[in-house]
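Chain residues, written in single-letter form:
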Amino acid sequence: MRGRSAFAAAVVIVTIAVAALTAVPAVAGPRSCTKRTNDTIAKLLECVTLAGVREHQAALQEIADDNGGNRFAGLPGHDASVEYVVDRLEAAGYDPTVQPFDYLAFTPLGPSELEQAAPNQITYTEGVDFGLIDQSDPGDVTAAVTSVDLQLGLGNTSTSGCEAADFAGFPAGNIALLQRGSCTFELKAENAAAAGAVGIVIFNQGNLDDPSRLGIPAVTLTANNTSGIPVLGTTYALGAELALTAGLEMRVFANSLREIKTTYNVLAELAGTSDTVVMVGGHLDSVSAGPGINDNGSGSAAILDIAEAMRKVEPVNTVRFAWWSAEESGLVGSDFYVNSLTADELDDIALYLNFDMIGSPNYVRFVYDGDGTVGPAGPPGSEAIEDLFVDFYDDRGLESEPTAFDGRSDYGPFIAEGVDIPAGGLFTGAEGIKTDAQVAVYGGVAGEQYDPCYHEACDTFANNNNAVLDLNSDAIAFATLTYAMDTSSVTGP
């Protein structure tokens, strides 16, 4: 870790935009909240307000607007988001730590393209005929196409591109037409590049009457891919058609970012009188497609508002607030942080609370399933965290339901085998589809996504349900202050 002075020297920030964003009161909420010690639930909930959370979301929206429409880790929009959080924490009296790390950033930058240049002029449709393969290097090439060891038809046992010998006689400078099967996509791509291919079209295997083997391959080259060339994937039907096309020339345009970037976690502590640490975190980055104001400007804004409201609290246990980076690239920031801790430092962490998407427009009140009702249980103590949130809703006459610890958010590194820190949190839904039964409980629209703008450009300031955002901000504040004073329900006496 290193302090903010090193961060400021390492990151270019649009200072005029950030100055405008930070020219707001240091602490949101009633005027008295800036002066008093909010060390009871009643006082804290009075000062953690929807207006305060929305103020932070509005700032994140403006940052995205000023920086290409997103806050993707390693790009200027995320750097400016980090600067905003740091400025607000310092204004509230914290001494935040900015933790830099490098990671392999991969993201689509816009539409990719696949065209037949000869013998016919055909433009194919992304998402229907083809797609960008995850972890493809960027590139735009037009060249003749050479098929490599293909097997067509049901029941085929394709090993296309799995061995260097498959490329014997391959004309350097051509595009390789490969087929799914047997070995990893990474190995196929690296063998093709070693043979002189300048691009790859890889189609599905088609060996089974199974959609996963017929449509656009939903696969990855992995972060270990060293091919250095653009790779697009197509349906089996299109690949088989191309394989039978004489004199084929194609254009392959992979519109992606894939390079090492430096990005930053932000951590801030409210020191307690014991060695016990309670962690409260959520990710600050967005996908490249949009500003990410629900995912996860909602959780990160609520945590910031709570940190500001708790600025004068003197807790028993140290409260460590965290804003993670590169969650959208595979929980990279939280994983880096957990791996940076010593065994003793990990032992000090009594529990981790995670808040990722807490204001979805078509929401459900999901609570992470600590006791394993709908999936694997969390580490021992996680069931008590689940109970605390369920009771919070119950006390207000509100229903909730469990959601599985499926590894999709930043609790993952904390509950991993060998770390085993009790964890919990709230979630209001992403691309899942709302059921009729859920509509009967929560309202909303059946058959639609919980967040119709999940990972889209429309995840803006307007893409939040204010009622559930307000409620969940209170729930987070309730849990944070409860555990700041006593973790015995989770860790035992």
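Below is a summary of the structure that appears in this document.

What counts and how
Residues numbered from 1 in each chain as written. Predicted model: local features only at pLDDT ≥ 70, side-chain atom pairs only at ≥ 80, totals over all residues. Heavy atoms only, no water. Helix = DSSP H or I, 4+ residues; strand = E, 2+ residues; numbered from the N terminus. Buried < 20%, exposed > 50% of the residue type's maximum accessible area, 1.4 Å probe, protein only. Areas by Shrake-Rupley, 256 points an atom, 1.4 Å probe, with all protein chains shown as cover. Contact = heavy atoms within 4.5 Å. Pairing = 2+ DSSP bridges. Expected span 1.5 Å × (residues − 1). Axes fitted to C-alpha atoms, helices over the stretch in contact; angles between N-to-C directions. Left-handed = near helix turned anticlockwise from the far one by under 90°. Nonpolar A, V, L, I, M, F, W, Y, C, P; charged D, E, K, R; others polar.

1. Let's talk about the overall build of the protein
(1) Moving on: Along the protein, the regular secondary structure elements total 15 helices and 16 strands.
(2) Moving on: Judged by the C-alpha coordinates and their principal axes, the protein covers about 80 × 50 × 45 Å.
(3) Moving on: Looking at the protein residue by residue over its 493 residues, the buried ones come to 55%.
(4) Moving on: Summed over all atoms, the accessible surface of the protein reaches about 18,500 Å², with 52% contributed by carbon and sulfur.

2. A short note on helix α7 (residues 236-243)
(1) Moving on: All of the buried residues along α7 are Tyr236, Leu238, Gly239, Ala240 and Leu242.
(2) Moving on: Buried residues along α7 sit against β2 (113-118), β6 (175-179), β7 (199-203), β8 (231-234) and β9 (249-254).

3. Structural notes on the pairing of β6
(1) Moving on: Among the 5 residues of β6, 5 are classified as buried, and the element is accordingly described as predominantly covered.
(2) Moving on: Along β6, one buried face is formed by Ile175, Leu177 and Gln179 and the opposite face, lined by Ala176 and Leu178, is buried too.
(3) Moving on: As judged from the 3 bridges shared by strand β5 (residues 139-147) and β6, these two strands associate in the parallel manner. The partner of Val145 across the bridge, within β6, is Ile175.
(4) Moving on: Note: β6 against β7, 5 bridges, orientation parallel.

4. With respect to the sheet that holds β8
(1) Moving on: The 8 strands lie next to each other as β3-β2-β9-β5-β6-β7-β8-β4, forming an open sheet whose pairing is mixed. On the outer flanks of this sheet lie β3 (122-123) and β4 (130-132), each paired with one strand and no other.
(2) Moving on: As paired elements, β7 and β8 share 4 bridges and run parallel to each other. For Val201, the partnering residue across the bridge sits in β8 and is Leu232.

5. Structural notes on helix α8 (residues 297-309)
(1) Moving on: With 13 residues, α8 should cover 18 Å at 1.5 Å per step; its first-to-last C-alpha distance of 18 Å lies within 8% of that length.
(2) Moving on: Most of α8 sits out of view: 13 of its 13 residues are buried.

6. Considerations on the environment of Ala195
(1) Moving on: Along the chain, Ala195 falls in the loop between α6 (185-194) and β7.
(2) Moving on: Excluding residues that lie within four positions of it along the chain, Ala195 makes contacts with Phe167, Phe170 and Ala172.

7. A look at the packing of helix α4 (residues 50-66) against helix α5 (residues 76-91)
Two quantities define a packed helix pair, namely the angle between the helix axes and the distance between the axes.
(1) Moving on: Direction vectors running N to C along α4 and α5 enclose 150 degrees, while the axes themselves pass 9 Å from each other. Note that α4 runs across α5; the crossing there is right-handed. Across the interface between the two elements, Glu55, His56, Ala59, Leu60 and Ile63 from α4 touch Gly77, Ala80, Ser81, Tyr84 and Arg88 from α5.
(2) Moving on: For the contact of α4 with α5, the per-class residue count stands at 5 nonpolar, 3 polar and 2 charged.

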